[in-house]
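Inside the fold
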Amino acid sequence: MQPDAQPAIEDDIATFRSDAREHARRLPRALPHLPLGTYERVRLPGDAPVAELMVYRPAGGPDVPGVFVNLHGGGFVLGDWQGDDPYCRYLADAAGCVVVNVDYVLAPEHKFPAAVHQTADLLAWLTADASTIGADGSRIAVGGHSAGGNLAAAACLVAARNGAPQTRGLIVDYAPLDLATPPGAKLSDAGSPGAAELASVGARFNAWYLPAPEDGSDELASPVLAADLSGLPPTLVITAEQDLLRAEGDLFAARLRVSGVGVEHVVVPGSGHGFTHVGPEEHAVAAWGRMAGFLRRVLGDETAGERP
């Protein structure tokens, strides 16, 4: 498939997802010592925007901790909460906060902007009802990895646009932030390992996620293109040196800084897309530690945690 080719209409999303799960199963897992399955499955009341949350409570944290809303990656089409399970446990303990791991709606069954508004609605619901999960609704941060980082940023834009309470912090981890530019146009002459494959898959993701190509210019699809970023909360932006998406993440950090938003920006050397989950181990460890430190600061608890 050419980098900007659109998926054929007869493409089977179930087969695509099945193949992707098998591929993910064969990949190494960064920080393999972290435990699995330490969450509590919490069913939410009928007025909540999601039916349930996977909740990770900090070991030895405050009685009523702040809360971090974690959004997994997968190109808006793939993935679920399980891929982030061990890392949510680490963040809960290291940052001293409750972490909620979210299964948001996926495309093509739920196209843009369904997942954006579901995320924004969840943040608003937690602001009012975080006591349901034993957390402090006045201390919320949100973030995600790859597509999850896009959704987190877009949900914060929704809050700014609507004058709703803003989160205390935002984490954007190697996210696609410009869906208006075809992925193939992001390829440099030299390229980087896996860039052409990521561009090809990215074109397929965009075609499934966006109702029409022109929707990629909407700021909720492409937060880096937003006219006004000044209403966003303090933000940690992580980009990877060898990632096809690095330039748009770097630009997002620069635009936030110019807009007066407090920004921490780190470019991780020798790493590509998804490195926090598949390595290199040294860089994954450092990135998760950076996220935990950021959450300790913005959620107001400086005492918890060790490096992963």
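Rules of the game
- Residues numbered from 1 in each chain as written.
- Predicted model: local features only at pLDDT ≥ 70, side-chain atom pairs only at ≥ 80, totals over all residues.
- Heavy atoms only, no water.
- Helix = DSSP H or I, 4+ residues; strand = E, 2+ residues; numbered from the N terminus.
- Buried < 20%, exposed > 50% of the residue type's maximum accessible area, 1.4 Å probe, protein only.
- Contact = heavy atoms within 4.5 Å.
- Pairing = 2+ DSSP bridges.
- Right-handed = clockwise from strand over helix to strand, strands pointing away.
- pLDDT = per-residue confidence, 0-100.
- Core = buried A, V, L, I, M, F, W, Y, C linked by side-chain atoms within 4.5 Å.
- Expected span 1.5 Å × (residues − 1).
- Axes fitted to C-alpha atoms, helices over the stretch in contact; angles between N-to-C directions.
- Salt bridge = Lys/Arg side-chain N within 4 Å of Asp/Glu carboxyl O.

1. Some details on the side chain of serine 222
Along the polypeptide, serine 222 turns up in the loop between helix H5 (195-209) and strand S7 (235-240). Taking the relative accessible area as the measure of exposure, serine 222 reaches 0% and is therefore buried. The residues contacting serine 222, other than those within four sequence positions of it, are Leu177, Asp178, Leu179, Ala180 and Gly216.

2. Quick word on unusual backbone geometry
The amide bond that connects alanine 107 to the next residue, proline 108, takes the cis arrangement and shows omega of 5 degrees. Mapped onto the fold, proline 108 is located in the loop between strand S4 (98-102) and helix H3 (114-129). Between phenylalanine 112 and the following residue, proline 113, the backbone shows a cis peptide bond with an omega angle of 5 degrees. Secondary-structure assignment places proline 113 in the loop between S4 and H3. At tyrosine 174, a position not held by glycine, the phi torsion is positive, near 35 degrees. For tyrosine 174, the location among the structural elements is in the loop between strand S6 (169-173) and H5. Here tyrosine 174 falls in the buried class, since its relative accessible area comes to 4%.

3. A closer look at the pairing of strand S8 (residues 263-268)
When S7 meets S8, the two strands line up parallel, connected through 6 bridges. Note on S8: the bridge partner recorded for isoleucine 238 is valine 266. Where the polypeptide runs from S7 across helix H6 (residues 246-258) and back to S8, its parallel neighbour, the crossover connection is right-handed.

4. A closer look at the confidence of the model for the protein chain
For the protein chain, the average pLDDT comes to 93, and 93% of its residues sit at 70 or higher. Note that residues 1-10 has pLDDT below 50 and, in this model, 21 contacts with residues that lie over four places away or in other chains. Confidence drops under a pLDDT of 50 for residues 301-307, and excluding neighbours within four residues, the segment shows 19 contacts in the predicted structure.

5. Points about the nonpolar core
Core analysis: the largest hydrophobic core is formed by 63 residues, its most contacted members being Val69, Val100 and Phe252. If one sorts the elements of this core by residue count, helix H4 (residues 147-162) sits on top with 9 residues. When near neighbours in sequence (up to four residues on either side) are disregarded, phenylalanine 252 contacts Ala153, Val172, Leu177, Pro223, Val224, Leu229, Leu232 and Val237.

6. Details of H4
Relative to the 22 Å expected for 16 residues at 1.5 Å per residue, H4 spans 23 Å between its end C-alpha atoms, a close match to the ideal helical length. Burial runs high along H4: 13 of the 16 residues are buried. Just downstream of H4, glycine 163 is the residue with a positive phi angle, here 70 degrees.

7. A few points about the sheet that holds S8
Taken in spatial order, the 8 strands line up as S1-S2-S4-S3-S5-S6-S7-S8 in an open sheet, and their pairing is mixed. Each end of this open sheet is capped by a strand with a single partner; those strands are strand S1 (40-43) and S8. The mean inter-strand angle of the sheet, taken between neighbouring strand axes irrespective of direction, is 20 degrees. For strand S3 (residues 67-71) and strand S5 (residues 140-145), the ladder comprises 5 bridges, and the chain directions are parallel. Its bridge partner lying in S5, phenylalanine 68 is registered against alanine 141. Across the sheet, H4 is in contact with S3, S5 and S6; its angle to S5 comes to roughly 145 degrees. Relative to S7, H6 is tilted by about 155 degrees, and along the sheet it contacts S6, S7 and S8.

8. Description of the pattern of salt bridges
If you walk through the whole model with that rule in mind, you get 13 salt bridges. A salt bridge links glutamate 219 to arginine 161, with the nearest nitrogen and oxygen atoms 3.0 Å apart. Remark: arginine 161 occurs in helix H4 and glutamate 219 occurs in the loop between H5 and S7; sequence separation between them is 58 residues. The class for arginine 161 is partly exposed, based on a relative accessible area of 49%.

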